[in-house]
Amino acid sequence: MHEDQAGRGPAGAPRDPEGGPPGWVRELLAAAPPGVQRLEPCHGIESLRVEPDALLPVATLVKAAGFTMCLDVGGVDYLPRAPRFEVVYHFLALSGDASPERPRRLQLRVPVAEERLEVPSIAAIWPSADWAEREVYDLFGIRFSGHPNLRRILMPDDWEGHPLRKDYPLRGPRALEEQDVPLGERFDFLAARVAQRLPHSQRGGLGREPDRTGPGA
Amino acid sequence: MEVTNDQFLVTRIDRFARWAQKSSVWPLTFGLACCAIEMMNLVSPRYDSSRFGAEVFRASPRQADLLIVSGRLSNKMVPVIKQVYAQMPEPKWVVAMGACASTGGIFDNYAIVQGVDRVIPVDVYVPGCPPTPDAVLHAVLRLQKEIASGHARAGVVARDA
């Protein structure tokens, strides 16, 4: 986002003059299995696209590279794009060549296809990912294989459906019960969004530039 | 002296009982969300609900008279509030504080119950997001007036036409 006088980027490392990836990213990429690709930094945070099968080896490498904190695991639904979902991980390094004043950050994006809603769990490596992965399972329906306790965490235990998916009605089951509006007059929100061709659904989601189009654009 | 069903005596005792009830309405701590912060203001020295009889906020429903639902009630919380309400001994009253407790507020979605009165009977509704502590105080005082007049009875405000 913003640089300070020393010309350091927000990730803390001195900027490479050609604007290429910092050293630790290059090391990570060199040691990583196939299926890992560097994306444009997202809001100044280094970002890697990782296939689900490559996630566990990459996670081990990331932990070894000094990223002791898994800040969050989140899900994104890019309906109607394929692959439909993405699981996004954020990591933070506070030691090594980083410090609490200048932490190093890393983002991993794992594409998940609707046909195969499964991602390896990293809860064994970072315990803080345990509940975060449960949240992604609860709200998107993406299963985490090897998770010690994969069950709903926010919604009631017997809830049906995954609320944060784009095709889940905002008002939930009530929306279906209280449908007294004739079919022709109901507003189809999803169809309207797709027809509007919003930027993310057109560009394909991964590796996009920082979003320069604001609400007024 | 034979104690008969003397109209005068019974009504006097009833009035006394109702006066005692309204002057010592002890609320239950049931802060669910943001409205709880305004409820905290209500018990803090500036607005001070204890000068009106709400001396302590009891944490146990067994010891409380008034359930002030302050905040959003989620679907997951419904069995809890039903159990807590059932555990309160009679006579008991309910104040739905704020927009979310009254009607679901701005949250017309899959997670939030559209008004606490879908689950438990409510005596007084307080609009606001959040209501100012004055507004909640006004609701408590109004409830006290209803209790004294005999209209609010065990969770049901019965209004004569």
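Residues numbered from 1 in each chain as written. Chains lettered and ligands numbered in written order. Predicted model: local features only at pLDDT ≥ 70, side-chain atom pairs only at ≥ 80, totals over all residues. Heavy atoms only, no water.

With that settled, the discussion passes to the packing of aromatic side chains. What describes a pair of aromatic rings is the distance from one ring centre to the other and the angle between the planes of the rings. A full pass over the atoms with the stated rule returns six aromatic pairs over all chains. Here the aromatic rings of Trp24 of chain A and Phe67 of chain A are separated by 5.4 Å at their centres, their planes lie at 55°, and the arrangement is tilted. Within this pair, whereas Trp24 of chain A is found in helix H1 (residues 23-31), its partner Phe67 of chain A is found in the loop between helix H2 (55-64) and strand S3 (69-77), the two being separated by 43 residues in sequence. Accessibility assignment for this pair places Trp24 of chain A and Phe67 of chain A in one class, buried. In textbook terms, an aromatic cluster arises when at least three aromatic residues are bridged by ring pairs, as seen for Tyr89, Phe91 and Trp126 of chain A. A cation over a ring is seen here: Arg104 of chain A above Trp24 of chain A, with NZ or CZ 5.2 Å from the ring centre. The cationic tip of Lys92 of chain B hangs over the ring face of Tyr85 of chain B; the distance from NZ or CZ to the ring centre is 4.1 Å. (Phe/Tyr/Trp six-rings, centres within 6.5 Å; stacked < 30°, edge-to-face > 60°. Helix = DSSP H or I, 4+ residues; strand = E, 2+ residues; numbered from the N terminus. Buried < 20%, exposed > 50% of the residue type's maximum accessible area, 1.4 Å probe, protein only. Lys NZ or Arg CZ within 6 Å of the ring centre and 35° of its normal.)

Bringing unusual backbone geometry into the picture now. Between Glu90 of chain B and the following residue, Pro91 of chain B, the backbone shows a cis peptide bond with an omega angle of -10°. Residues Cys129 of chain B and Pro130 of chain B are joined by a peptide bond in cis, for which omega reads -10°. Relative to the elements of secondary structure, Pro130 of chain B occurs in the loop between strand S4 (124-126) and helix H5 (133-149). A positive phi is found at His43 of chain A, a non-glycine position, where the angle reads about 55°. Within the element layout of this structure, His43 of chain A appears in the loop between strand S1 (36-42) and strand S2 (45-50).

Residues and elements named next belong to chain A. Inspection of the secondary structure puts Gly23 in helix H1. Residue Gly23 is classed as partly exposed on the basis of its relative accessible area of 33%. Between the C-alpha atoms of Gly23 and Val73, which are 50 residues apart in sequence, the distance is 25 Å.

Coordinates in, geometry out; function isn't part of it.
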